[in-house]
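# Fold and geometry: a report
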Amino acid sequence: MKIESICIVGLGYVGLPTAVAFADAGFNVIGADVAENKITTLSSGRSTIPEIIADEKIDSLGSSGKLSFTADVPQAVRDSDAILITVPTPVDSSKNPDLHYIESATESIAKGMGNGKLVVLESTVYPGVTEEVVQPIIEKTTGLKAGSDFGLAYCPERYNPGDEEHTIENMTRVVGAINDEWLAVASEMYSKITKQPVHMVSSIKTAEAAKVIENTQRDLNIGLANELALIFDKIGIDTREVIRAAATKWNFHVYWPGPGVGGHCLPVDPYYLVYKARQLGYSPKIITAGREINDYMANFVVSLVDRALNEKEKSMKNSRVVILGASYKGNVADARETPAKRIVAGLKEKDAEAIIYDPLVEKEELQSWGIKIADTLDEAISGADCVIVHSDHDEFKNLDLDKLASSVRTKTLVDTRAFIDQKAAQERGFLLLRI
Ligand code: SAJ
């Protein structure tokens, strides 16, 4: 079975770059998404994520006939040999997996399914979703049998928006499939879009587990760094200096403390594994403890603001507290699950006047936070009583401390990224607290 045409269902931060990668590799690709406006934009040769995929790329692949777009998922499936599912897998308000995107995408795919096609799930899930959710929907709708009538595989996305080093064409892909025949077909297909090896595993669940533990491990390690920061704050030593010293040991793995863990991966994926474990009668302890610490860090930031202002005989009430950066990580315009939102809530609870400035995140995204949004750094710091460095954007790396000293009303700083030189800040009369 040779794959020549591929349909990508879900054209977000993962799906669109994946569609482009397969089209660049010579496949006939149909990008499918239920969002009509997205399809209209893409079909007119414009990118929906220009900061990652340029308009010119979409336009040239579209003109070459290698890449087209549709909202008609069943028809796209009928016209394809392989179907890749790259839809979001969030958690709900109780931190349980929300699989509705996968379910609705699979229901649409099933309407167009036929013999001999390959279905691959790429979204991050718990071990079992491909065979317990995707497979039954297709088999019940079509009467086809996975393995004998159609192929089923899991190949986790490892796409890292903005990461120039770990690009789609430069990363190992893990693939698990329903049987060896379809494993070979799926692996061959993925081998066309990466220069790195395709790592085949013995089952779909193994591949699903590999992905979910990647981010679980990272979140948990960051949680340890954050717990160390809480301990060393009480001892009165600098956590980062301690970590740098420990890192001189050959197998110490470095993670840094911060204001908490944001993004659509790390604060979400561990809950998928926790859910499945609990379903099977085991209640994880370490994974959830790491999550709790990471989520607590925003409260810790607020307590540092309180401590700093109190040392300057100011109360939080009516103090102007500036948060530099809304996005969850440096130099990206992404405020999903950002700790900054929790910090704002904590400041408002203490009746502080919160102001935020982020050079990258769209102001519209922050309107619902119910705080003042500054257009410039100068506007943000003017008259401030406390300045929090939250996002590790390059713009905040070299703050002009003299300008800061002359602009603020009270000289207190809470630096969650160790961007500000402590000596330089103290020389200008700032009280600087750092995570
Ligand atoms: N963070 C810390 N301390 C650290 C590292 C990160 O507090 O030492 C915080 C960041 O500020 C951020 C959060 O954790 O709020 C997540 O940061 P991240 O660097 O893990 O970035 P993400 O969320 O974009 O993670 C993605 C993931 N990629 C995929 O799922 C394909 C993750 O697996 C990657 O390791 C990571 O990118 C990466 O390498 O950049």
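A brief report on the enclosed structure follows.

Parameters and conventions
Residues numbered from 1 in each chain as written. Predicted model: local features only at pLDDT ≥ 70, side-chain atom pairs only at ≥ 80, totals over all residues. Heavy atoms only, no water. Phe/Tyr/Trp six-rings, centres within 6.5 Å; stacked < 30°, edge-to-face > 60°. Buried < 20%, exposed > 50% of the residue type's maximum accessible area, 1.4 Å probe, protein only. Helix = DSSP H or I, 4+ residues; strand = E, 2+ residues; numbered from the N terminus. Polar contact = N/O pair within 3.5 Å; in protein donor to acceptor, adjacent residues only side chain to side chain. Contact = heavy atoms within 4.5 Å. Near = heavy atom within 4 Å. Areas by Shrake-Rupley, 256 points an atom, 1.4 Å probe, with all protein chains shown as cover. Nonpolar A, V, L, I, M, F, W, Y, C, P; charged D, E, K, R; others polar. Domains from an automatic or database assignment. Pairing = 2+ DSSP bridges. Axes fitted to C-alpha atoms, helices over the stretch in contact; angles between N-to-C directions. Right-handed = clockwise from strand over helix to strand, strands pointing away. Salt bridge = Lys/Arg side-chain N within 4 Å of Asp/Glu carboxyl O.

## What about the packing of aromatic side chains?
Inspection of every chain in the model, using the stated rule, returns five aromatic pairs. Aromatic pair Phe-22 and Phe-27: ring centres 5.4 Å apart, planes at 80°, arrangement edge-to-face. As far as the burial class goes, Phe-22 and Phe-27 line up, both buried. Arranged with centres 6.3 Å apart and planes meeting at 35°, the rings of Tyr-126 and Tyr-272 form a pair that is tilted. Of this pair, Tyr-126 sits in the loop between β5 (118-121) and α6 (129-142) while Tyr-272 sits in helix α10 (residues 269-279), and the two are 146 residues apart along the sequence. Take Tyr-126: its relative accessible area is 5%, and that puts it in the buried class.

## Observations concerning the side chain of Thr-89
Of note, Thr-89 is situated in the loop between β4 (82-85) and α5 (100-112). A distance of 2.7 Å separates the side chain of Thr-89 from the backbone oxygen of Thr-124, its partner in a polar contact. Contact partners of Thr-89, with chain neighbours within four places excluded, come to Asp-98, Ile-102, Ser-123, Thr-124, Val-125, Val-268 and Tyr-272.

## Points about the environment of Pro-270
In this fold, Pro-270 is placed in helix α10. Sequence separation between Pro-270 and Glu-131 is 139 residues; the distance between their C-alpha atoms is 20 Å. With residues up to four places along the chain from it excluded, the contact list for Pro-270 reads Thr-216, Asp-219, Cys-265, Ile-287 and Arg-291.

## Notes on the site of the ligand
Taken together, 18 residues form the shell around the ligand, and within it Asn-160, Asn-215, Arg-218, Trp-256 and Tyr-328 come nearest. Take Asn-215: an N or O atom from its side chain is 2.5 Å from an oxygen atom of the ligand. Here the ligand, which alone exposes 730 Å², has 84% of that area covered by the protein. Partitioning the shell around the ligand into residue classes produces eight nonpolar, four polar and six charged. Counting residues domain by domain, the shell around the ligand receives three or more from each of domain 1 (5-203) and domain 2 (288-434).

## Some details on the sheet that holds strand β6 (residues 151-154)
In space, the eight strands of this open sheet follow the order β3-β2-β1-β4-β5-β6-β7-β8, with mixed pairing throughout. Of all strands in the sheet, those bounded by a partner on one side alone are β3 (67-70) and β8 (198-200). Each neighbouring strand pair of the sheet contributes to a mean axis angle of 25°, computed without reference to strand direction. Strand contacts of helix α7 (residues 180-191): β1 (5-9), β4, β5, β6, β7 (173-177) and β8, with the helix running at about 155° to β7, the strand carrying the most contacts.

## Some remarks on the pairing of strand β9 (residues 320-324)
With five of five residues buried, β9 lies mostly within the body of the structure. Residues Arg-320, Val-322 and Leu-324 line one face of β9 and the alternating positions Val-321 and Ile-323 line the opposite face, and both faces are buried. As paired strands, β9 and strand β10 (residues 353-357) are joined by five bridges and run parallel to one another. Across the sheet, the residue bridging to Leu-324 is Tyr-357, located in β10. Following the backbone out of β9, through helix α12 (residues 339-349) and into the adjacent parallel β10, one traces a crossover that is right-handed. Direction of pairing for β9 relative to strand β12 (residues 386-389): parallel, over a ladder of four bridges. For Val-322, the partnering residue across the bridge sits in β12 and is Val-387.

## Focus: the pattern of salt bridges
Taken as a whole and assessed by the stated rule, the structure comprises 27 salt bridges. Residue Glu-131 pairs with Lys-205 through a salt bridge whose shortest N-O separation is 3.3 Å. With Glu-131 in helix α6 and Lys-205 in helix α8 (residues 204-235), the pair connects residues that are 74 residues apart, well separated along the chain. Classification of Glu-131 by relative accessible area gives partly exposed; the value is 26%. Of the charged contacts in the structure, one is a salt bridge between Lys-372 and Glu-379, with a shortest N-O distance of 3.1 Å.

## Comments concerning the sheet that holds strand β13 (residues 412-415)
One open sheet holds the six strands; their spatial order is β11-β10-β9-β12-β13-β14, and the pairing between them is parallel. Two strands bound the open sheet, and with one partner strand each, they are β11 (372-373) and β14 (431-434). Contacts from α12 reach β9, β10 and β12, with the element oriented near 175° to β9.

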